[in-house]
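Examining the three-dimensional arrangement
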Amino acid sequence: MSLINLRNICLSFSAKPVFSQASLAIEPKERVCILGRNGAGKSTLMSLLHGDIDVDSGEVVRQQTLVIAKLEQEVPQDISGTVYDCIASVLEEEQLWERSYKIDDLIAQLGLSATDDVAALSGGLKRRALLGQACILEPDILLLDEPTNHLDVAAIEWLEKFVFNFKGTVIFITHDRAFLKKLATRIIEVDRGAIYSYPGDYDAYLTRKAHDLAVEAEHNKQFDKNLSQEEAWIRQGIKARRTRNEGRVRALKKLRQQRSERRDVLGKASMQLQQAERSGKIVIEATNISYHFPDKNIIQSFSTTVLRGDKIGLIGPNGMGKTTLLKILLGELKPQTGQVKQGTQLKIAYFDQLRTAIDETKSVAENVSYGDQYVNINGRDVHIIGYLQDFLFTPERARSPVRTLSGGERNRLLLARLFTQPANLLVLDEPTNDLDLETLELLEELLVNYEGTVLLVSHDRQFLDNVVTSTFVFEGDGIINEYVGGYEDWLRQAAAAPAVQKPHAVAAPKPVVKAPEKTVIDKNKQKELRAIEKKIEALEIKEAVIHEQLADTALYEPAQATKLSNLQKELASIKENLFILMEQWENLA
């Protein structure tokens, strides 16, 4: 039996329809990801499921005694007290008595200390405490709205394992494709007032979505052709007022009404980078630079040479000094020891994760064009409204004050503003937060094809893998090491060098083992590792075969529904088993 049923719901805000005759069922023990464009209604759907808002019409049916908990996108400003008090605060007195022992277990599972002051914790650890607050309610459904935002890679990987092992249903919104691919057993898309359900993983969703859009485009093409023929007929005049002709006129009016109500597929963003003249071959040269606070080393004796065309990712836990290093390399902050030399003909464009460049009192257009009607893009004057439409801002939205924008719209605004500047060095500090997946993938493509130099701070593992050519990794205590390739490349290189640990790893105490005993243990470990690797290889072969089958568009015809469902269930099972085996392999290795 479904936990929640939405039946033919309609909801509008300020006469703008968000949902129109939409339906959805949420089942037990699912991990559902909600996708959709910025502003499509993802967070609104989350609020509906939580019961924060009600529908204009339609029906919302929930199981009796259903418990739903929600982790909000932003950490509350007034959070205070100890970790224990924070988690216990949502329980009634009777519940607190029953679950007090569970609070301690949960705090240990969250990797926190019961007596820590929540207000003094980092943003990521505060979100862990809030997650504990949600989980102590023992919810049937856990709602997570952009849970990976502003988390470092270590926190995201921890959250992945936590969500994977959660016993109830999890519904989450995310732009992190690695997080989505590891966890989702079903994808829900909010699109033009409707809710579409795609069982299976992200790859299956992409295949099915492409098929659905092709079918929709063909249907609309035939509809528009028919309407055009009828419009041509009516312009010729009705020769005789026969019943047959009157019916045809009524049918034409109905076609016109249907066409006016149709919500076409939203266009894709059409961003383009402005190329400045080439910089010198050496862009930045840092020699033995150091920087520290009284109680913390940020950078210790770091040297590097950044060459024209390099695309460098900065990886490390929050608070380790990534933004500080950027400011030193850009000359905004002086190193306490060592020196930084910048190359010739540098033109820098800087994307600030704190969005300090945005003036909240002005409109979107004024923030980009500085009050002018036109912006110059690659030597051509473009009207600001037309330019912003390339970034998916309608004329109405372009004239709206910035304070009304969503997080994703604010990031698109920053990109629109950034790309008006000719640059040969792009510095991007967390550019991917809140962007919808299509815009994220377009930004990725732009950066890959960009001929200039890129310095990129991001916790998005797939984004790093797809864009950067090398990484600066903050290993702890001010040590920064440089690796070739992206995030996965760093993991492989770090694993091959035992002395270098992942920055979030904690070395376990090593037991004293006698030499013969150690040899036996090593052989047993190697044997177990090989056995797990064989299982992983076999499952990956099966996974590839199923993906190949799911790419066949004929499989999505109604007659193939049972076969499609079985394949998607088998794929979900394979994904779960792979996740478990990979975790086992990591623990052994």
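Below you will find a few notes about this structure. The residue numbering used here restarts from 1 in each chain and proceeds along that chain's sequence as written. Owing to the predicted nature of the model, reporting of local features is limited to residues with pLDDT of at least 70; listing and counting of side-chain atom pairs is limited to 80 or more, with chain, interface and lining totals taken over all residues. Only hydrogens and water are set aside; all other atoms, that is, all heavy atoms of the structure, feed into the side-chain values.

Overview of the overall build of the chain
Each helix is a run of H or I in the DSSP string that is no shorter than four residues. Each strand is a run of E no shorter than two, and both are numbered from the N terminus. If you tally the helices and strands in the chain, you get 18 helices and 20 strands. Expected size for 589 residues packed as a compact globule is a radius of gyration near 25 Å; at 27 Å, the chain falls within 12% of this value. Oriented by its inertia axes, the alpha-carbon framework of the chain measures out at about 100 × 65 × 50 Å. For the chain, the residues scored as buried account for 47% of the 589 residues in total. Intrachain contacts of the chain at a sequence separation of at least 6 include 69% that bridge at least 24 residues. Values of the radius of gyration come from C-alpha atoms, whereas the globule rule sets the reference at 2.2 Å times the count of residues to the power 0.38. Residue exposure (1.4 Å probe, protein chains only): buried if accessible area is under 20% of the type maximum, exposed if over 50%, otherwise partly exposed. Note on contacts: a residue pair is in contact if any heavy atoms of the two residues lie within 4.5 Å.

Regarding the pairing of strand 5 (residues 68-71)
On strand 5, burial covers both faces: Ile-68 and Lys-70 on one face and Ala-69 and Leu-71 on the other are all buried. Of the pairings in the sheet, the one linking strand 5 to strand 6 (residues 141-145) comprises four bridges and is parallel in character. Of the residues in strand 6, the one forming a bridge with Ile-68 is Ile-141. The pairing criterion for strands is at least two bridges between them, as found by DSSP.

Concerning unusual backbone geometry
The backbone of Lys-29 sits at a positive phi, close to 60°, despite the residue not being glycine. With respect to the helices and strands, Lys-29 occurs in the loop between strand 2 (16-26) and strand 3 (31-35). The backbone of Leu-392 sits at a positive phi, close to 70°, despite the residue not being glycine. Relative to the helices and strands, Leu-392 resides in the loop between helix 11 (384-389) and helix 12 (395-398).

A look at the sheet that holds strand 4 (residues 57-62)
Taken together, the three strands give an open sheet; going across it, the order is 2-1-4, and neighbouring strands pair in antiparallel fashion. Every interior strand has two partners, whereas the edge strands, strand 2 and strand 4, have only one. Recorded for the sheet is a direction-independent mean angle of 25° between the axes of neighbouring strands. Relative to strand 4, strand 1 (residues 4-13) is paired through five bridges, and the arrangement is antiparallel. Bridge pairing in strand 4 places Asn-5 opposite Val-61. This element, helix 1 (residues 42-50), spans strand 1, strand 2 and strand 4 of the sheet and lies at about 125° to strand 1. Axes here refer to lines fitted to C-alpha atoms; in helices the fit is confined to the stretch in contact. Angles between the N-to-C directions go from 0 to 180 degrees.

A word on the nonpolar core
Throughout this description, the term nonpolar core refers to a set of buried Ala, Val, Leu, Ile, Met, Phe, Trp, Tyr and Cys residues connected via side-chain atoms within 4.5 Å. One finds Leu-131, Ile-187, Tyr-387, Leu-388 and Phe-419 to be the most contacted residues of the largest nonpolar core, which totals 93 residues. For this core, the element with the highest residue contribution is helix 5 (residues 153-165), accounting for eight residues. Look past the residues within four positions of Leu-131 in its chain and what remains in contact with it is Leu-71, Leu-110, Leu-142, Leu-144, Trp-158, Leu-159 and Phe-162. The next biggest cluster of nonpolar side chains, apart from the first, holds 27 residues, and it includes Leu-24, Ala-40, Leu-49 and Val-190.

What about helix 9 (residues 322-329)?
Of all eight residues in helix 9, six are buried; the element is thus mostly enclosed. Among the residues of helix 9, Lys-322, Thr-324, Leu-325, Leu-326, Ile-328 and Leu-329 are the ones counted as buried. Gly-331, located one to two residues past helix 9, shows a positive phi value of around 85°.

Brief notes about the packing of helix 4 (residues 123-135) against helix 5
Relative orientation of the contacting elements helix 4 and helix 5 amounts to 15°, with a least axis distance of 12 Å. Compared by their axis directions, helix 4 and helix 5 come out roughly parallel. In this structure, helix 4 crosses over helix 5, and the sense of that crossing is right-handed. Judged by residue contacts, Arg-128, Leu-131 and Cys-135 of helix 4 engage Ala-155, Trp-158, Leu-159 and Phe-162 from helix 5. Just so you know the grouping, Ala, Val, Leu, Ile, Met, Phe, Trp, Tyr, Cys and Pro go in nonpolar, Asp, Glu, Lys and Arg go in charged, and all remaining residues, Gly too, go in polar. Of the residues assigned to the contact of helix 4 with helix 5, the class counts are six nonpolar, no polar and one charged. Any angle that is under 35 degrees is reported as roughly parallel, and any over 145 degrees as roughly antiparallel; angles of 65 to 115 degrees are reported as roughly perpendicular and all others as oblique. Helix crossings get a hand from a simple test, with the near helix turned counterclockwise from the far one by less than a right angle marking a left-handed crossing and a clockwise turn marking a right-handed one.

Regarding the environment of Leu-567
Tracing the sequence through the fold places Leu-567 in helix 18 (residues 561-588). The spatial distance from the C-alpha of Leu-567 to the C-alpha of His-459 is 33 Å, given a sequence separation of 108 residues.

A look at the state of the cysteines
We call a pair of cysteine sulfur atoms a disulfide whenever their separation is within 2.5 Å. Within the structure shown, the criterion is met by zero disulfides. Looking at Cys-86, it has no disulfide partner, and the nearest cysteine sulfur is the one in Cys-135, 12 Å off. Relative accessible area serves as the criterion here: at 5%, Cys-86 is assigned to the buried category. Taking relative accessible area as the criterion, Cys-135 reaches 10% and is therefore assigned buried.

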